[in-house]
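Residue-level structure breakdown
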Amino acid sequence: MKGRLSVCLLAALTTAQAQAGDVARGKESSAACAACHGPDGNSQAPDFPKIAGQYEDYLYRTLLDYKSGKRKNAIMQAQVANLSKEALADLSAYFAGLPGLHNTKR
Amino acid sequence: MKRTVQLFALAICVGAAGGAPAAEGSAEAAKDKLSMCVGCHGITGYRTAFPYVYHVPKLGGQHQAYIAAALQAYKKGDRSHPSMRAIAESLSDKDIADFAAYYGAQK
């Protein structure tokens, strides 16, 4: 009983942490993103949104939606098609930590 | 003749000021309409609860053209967030341009 409980707790903890991305891993895999979103996530072209400093969970949700097709964009869907959820979480964590977008007072 | 030229010049100025295409938004004009945005986008750390729980995205510093495109996409139904769609459907092209100009200017 105690053994089973420990296993369950361990599974729960690791599952929860899988959603929190790793910034270092995200940085390693971010080269492909720079082509459109800029080397530091602050794109210069208005077609491609700035992503630096955006909320991590918003970025993650957006990438998941591109992957599932819930949000339609041919370019982004192609970009994330071969990325795992963990990779998307890592990228989200990385870009969220960069300076850029900010909240507005109004 | 001089009066005609003066009137003509005045007409051009007025035309330039008031006849700008709707794509040229006015950040000043947006300030009167911001109340519909502020409730979510003006509160740091605010999270939407439906359909998923996540932070409402930061708009400050985003490209003006991208914000306009996003609002147009919500208006057309190309993007699916229910609250954003409801809000965008109530906006005119001028409103969208104004909001884009406002948030795009928030450096």
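To be clear, the structure that these remarks concern was listed above.
So, a few notes on the structure that sits alongside this text. Small disclaimer: the values here were computed from a predicted structure and weren't measured. (Residues numbered from 1 in each chain as written. Chains lettered and ligands numbered in written order. Predicted model: local features only at pLDDT ≥ 70, side-chain atom pairs only at ≥ 80, totals over all residues. Heavy atoms only, no water.)

1. Focus: the overall build of chain A
For clarity, the cut-off: Counting from the N terminus, the helices are the DSSP runs of H or I reaching at least four residues and the strands are the DSSP runs of E reaching at least two. Summary of the burial criterion: residues with accessible area below 20% of their type's maximum are buried, those above 50% are exposed, and those between are partly exposed, where the area comes from a 1.4 Å probe applied to protein chains only. Contacts are assigned to residue pairs that have any heavy atoms within 4.5 Å of one another. All accessibility values rest on the Shrake-Rupley procedure with a 1.4 Å probe; residue burial counts only the protein chains present in the view.
A count of helical and extended segments in chain A gives 6 helices and 0 strands. Seen in sequence order, chain A has helices and strands lined up from the N terminus as α-α-α-α-α-α. Classification of the 106 residues of chain A by burial places 39% in the buried group. In chain A, the proportion of contacts linking residues at least 24 apart, taken out of those at least 6 apart, comes to 65%. Of the roughly 6400 Å² that chain A leaves accessible, carbon and sulfur atoms contribute 62%.

2. Here's the deal with the overall build of chain B
If you tally the helices and strands in chain B, you get 6 helices and 2 strands. Relative to its full complement of 107 residues, chain B shows a buried share of 36%. Summarising the internal contacts of chain B: among those between residues at least 6 apart in sequence, 60% fall at separations of at least 24. For chain B, the computed accessible surface area is about 6200 Å², with 62% contributed by carbon and sulfur atoms.

3. Topic: helix α4 (residues 56–68) of chain A
Because an α-helix packs 3.6 residues into every turn, residues spaced three or four apart end up facing the same way. As a reminder, the rule being used: To estimate the expected span of a helix, count its residues, drop one, and scale the result by 1.5 Å.
Helix length check: α4 of chain A (13 residues) gives 18 Å between terminal C-alpha atoms against 18 Å at 1.5 Å per residue, within 8%. Positive phi appears at G69 of chain A, one or two residues downstream of α4 of chain A, with a value of about 90°.

4. Looking at the nonpolar core
All names here are of chain B. Cut-off, in case you're wondering: For the purposes of this section, nonpolar cores are sets of buried Ala, Val, Leu, Ile, Met, Phe, Trp, Tyr and Cys residues that join through side-chain atoms within 4.5 Å.
Core analysis: the biggest nonpolar cluster contains 16 residues, and L34, L71, F99 and Y103 have the highest contact counts within it. Where this core is concerned, the elements lending two or more residues are α4 (64–76), α5 (82–89) and α6 (93–104). Ranked by the residues each element gives to this core, the list is headed by α6, at 5 residues.

5. Examining the packing of aromatic side chains
Stated precisely, the cut-off is as follows: The aromatic pairing rule takes the rings of Phe, Tyr and Trp, using the six-membered ring of Trp, and pairs them if the centres are within 6.5 Å, calling planes under 30 degrees apart stacked, those over 60 edge-to-face and the rest tilted. To sit over a ring, a charge needs its Lys NZ or Arg CZ within 6 Å of the ring centre and within 35 degrees of the ring normal.
Counted according to the given criterion, the structure contains 3 aromatic pairs over all chains. An angle of 85° between the planes, with centres 5.1 Å apart, marks the rings of Y102 of chain B and Y103 of chain B as edge-to-face. Y103 of chain B sits in the buried class, given a relative accessible area of 2%. Sitting over the face of the ring of Y52 of chain B, R61 of chain A holds its NZ or CZ atom 3.6 Å from the ring centroid.

6. Observations concerning the packing of α4 of chain B against α5 of chain B
All names here are of chain B. Going by this rule: Lines are fitted to the C-alpha atoms to define the axes, a helix being fitted only along its stretch in contact, and any angle between axes, read from their N-to-C directions, falls within 0 to 180 degrees. Any angle from 65 to 115 degrees is called roughly perpendicular, while one under 35 is roughly parallel, one over 145 is roughly antiparallel, and all others are oblique. When residues are grouped by polarity, Ala, Val, Leu, Ile, Met, Phe, Trp, Tyr, Cys and Pro land in nonpolar, Asp, Glu, Lys and Arg in charged, and all others, Gly among them, in polar.
Two elements in contact, α4 and α5, have axes separated by 7 Å at closest approach and are oriented at 95°. By the angle between their directions, the pair α4 and α5 is classed as roughly perpendicular. Residues L71, Y74 and K75 of α4 pack against M84, R85, A88 and E89 of α5. Taken together, the residues of the contact of α4 with α5 sort by class into 4 nonpolar, no polar and 3 charged.

7. Considerations on the packing of α4 of chain B against α6 of chain B
Residue and element names in this part refer to chain B. To be explicit about the condition: Note on convention: near helix rotated counterclockwise from far helix by under a right angle means a left-handed crossing. Clockwise means right-handed.
At a minimum axis separation of 8 Å, α4 and α6 run at an interaxial angle of 145°. The chirality of how α4 crosses α6 is right-handed. Where α4 abuts α6, its residues Q64, I67, A68, L71, Q72 and K75 lie against D93, I96, F99, A100, A101, Y103 and G104. Class assignment of the residues belonging to the contact of α4 with α6 gives a composition of 8 nonpolar, 3 polar and 2 charged.

8. Focus on the environment of Y58 of chain A
The residue Y58 of chain A is located in helix α4 in this model. Residue classification places Y58 of chain A among the buried positions, given a relative accessible area of 13%. Apart from residues lying up to four places away in sequence, Y58 of chain A is in contact with R71 of chain A together with Y54, H55, P57 and R79 of chain B.

9. So, the interface of chain B and chain A
Put simply, the rule reads: By convention, the term buried area covers the 1.4 Å-probe accessible surface removed from two parts as they join, with the contributions of both added. A pairing counts as a salt bridge when a side-chain nitrogen of Lys or Arg comes within 4 Å of a carboxyl oxygen of Asp or Glu. Think of a polar contact as two N or O atoms within 3.5 Å of one another; within protein, one of them needs to be a possible hydrogen donor and the other a possible acceptor, and neighboring residues in sequence only count if both atoms come from side chains.
At the interface, 28 residues of chain B touch 22 residues of chain A. Summed over both partners, the interface of chain B with chain A buries about 2400 Å², with 52% contributed by carbon and sulfur atoms. Counting across the chain B and chain A interface gives 0 salt bridges. For the pair chain B and chain A, the interface holds 11 residue pairs in polar contact (both at pLDDT 80 or more). If you list the elements that add at least two residues to the side of chain B that touches chain A, you get α3 (35–41), β2 (54–55), α4 and α6 of chain B. Looking at the side of chain B that touches chain A, its residues break down into 12 nonpolar, 11 polar and 5 charged.

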